[in-house]
Amino acid sequence: MKIAIINGPNLNLLGKRETDIYGNQSFEKYMEELKNLFPTVDFHYYQSNVEGELINELQRVGYEYDGIVLNPAGYTHTSVAIGDAIAAIKAPVVEVHISNVHSREHFRHLSHVSGKSAGSIFGLGLKGYELAIRWLTDRK
Ligand code: DQA
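These notes cover the structure that comes with them. Owing to the predicted nature of the structure, the values given are computational and were not obtained by experimental measurement.

Looking now at the packing of aromatic side chains. Given two aromatic rings, one states the distance between the centres and the angle between the planes to describe the pair. For the structure shown, the criterion picks out five aromatic pairs. Centre to centre, the rings of Phe-27 and Tyr-30 are 5.7 Å apart; their planes meet at 65°, and the pair counts as edge-to-face. Here Tyr-30 and Phe-27 lie together in helix H2 (residues 27–37), a separation of three residues that amounts to about one turn. With relative accessibility at 1%, the residue Phe-27 sits in the buried group. Given a relative accessible area of 4%, Tyr-30 falls into the buried group. Summarising the aromatic geometry, the rings of Tyr-30 and Tyr-129 are spaced 6.2 Å apart at their centres and angled 65° between planes, so their arrangement reads as edge-to-face. One end of the pair, Tyr-30, is in helix H2; the other, Tyr-129, is in helix H5 (residues 127–138), and 99 residues separate them in sequence. Each member of the pair Tyr-30 and Tyr-129 is classed as buried. An aromatic cluster is built from Phe-27, Tyr-30, Tyr-45 and Tyr-129, whose rings are joined through pairwise contacts.

Evaluation of the coordinates by the stated rule reveals eight salt bridges. The residue Arg-108 makes a salt bridge to Glu-105 at a minimum N-O spacing of 2.7 Å. Residue Glu-105 is classed as partly exposed on the basis of its relative accessible area, which comes to 35%. Between Lys-127 and Glu-130 there is a salt bridge; the shortest N-O distance is 3.4 Å.

Time to look at the site of the ligand. The full set of residues close to the ligand is Arg-17, Tyr-22, Asn-71, Ala-73, Gly-74, His-77, His-97, Ile-98, Ser-99, Val-101 and Arg-108. The side chain of His-97 places a nitrogen or oxygen atom 2.8 Å from an oxygen atom of the ligand.

We now examine unusual backbone geometry. Of all residues except glycine, most have a negative phi; of all peptide bonds, most are trans. Its identity as a non-glycine residue notwithstanding, Glu-18 has a phi of 35°, on the positive side. Looking at where Glu-18 falls in the secondary structure, it is placed in the loop between strand E1 (2–7) and helix H1 (19–22). Phi is positive for Ala-73, which is not a glycine, with a value near 50°. Locating Ala-73 in the fold gives a position in the loop between strand E3 (67–71) and helix H4 (80–88). Judged by its relative accessible area of 12%, Ala-73 falls in the buried class.

Conventions and cut-offs
- Residues numbered from 1 in each chain as written.
- Predicted model: local features only at pLDDT ≥ 70, side-chain atom pairs only at ≥ 80, totals over all residues.
- Heavy atoms only, no water.
- Phe/Tyr/Trp six-rings, centres within 6.5 Å; stacked < 30°, edge-to-face > 60°.
- Helix = DSSP H or I, 4+ residues; strand = E, 2+ residues; numbered from the N terminus.
- Buried < 20%, exposed > 50% of the residue type's maximum accessible area, 1.4 Å probe, protein only.
- Salt bridge = Lys/Arg side-chain N within 4 Å of Asp/Glu carboxyl O.
- Near = heavy atom within 4 Å.
- Polar contact = N/O pair within 3.5 Å; in protein donor to acceptor, adjacent residues only side chain to side chain.

Okay, structure coming up:
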């Protein structure tokens, strides 16, 4: 089974960035844990700080992969185009946010992604990625 994990802007700084909100672990380190937890899953990890590149990647994997775990980061709240890309592709998308966006600033309460996704997880830290993958693998 092929699962793509796509992270948006500033998530390349996990472990260094606002650690009180996002924790101390880099995503590369967490990826190792995910690979151990799901040894039979064929993972592809992609991160970009550029909106169009995220859309290109969604289109590229969206007809080939069995599922996508997507954290569009700040673009969640602004990008109609990322929402449109999710609606266009075949693979189910699970939206994940490390922090609880609903307990933060008001502008983070709007998501252009939730309504196009199979489901959304927020506020459970990096564990949210594991839970999203668990859902994708169980539904197969
Ligand atoms: C985030 C929440 C977003 O509001 C923020 O812009 C991020 C990270 C999260 O994972 O909690 O960059 O998506």
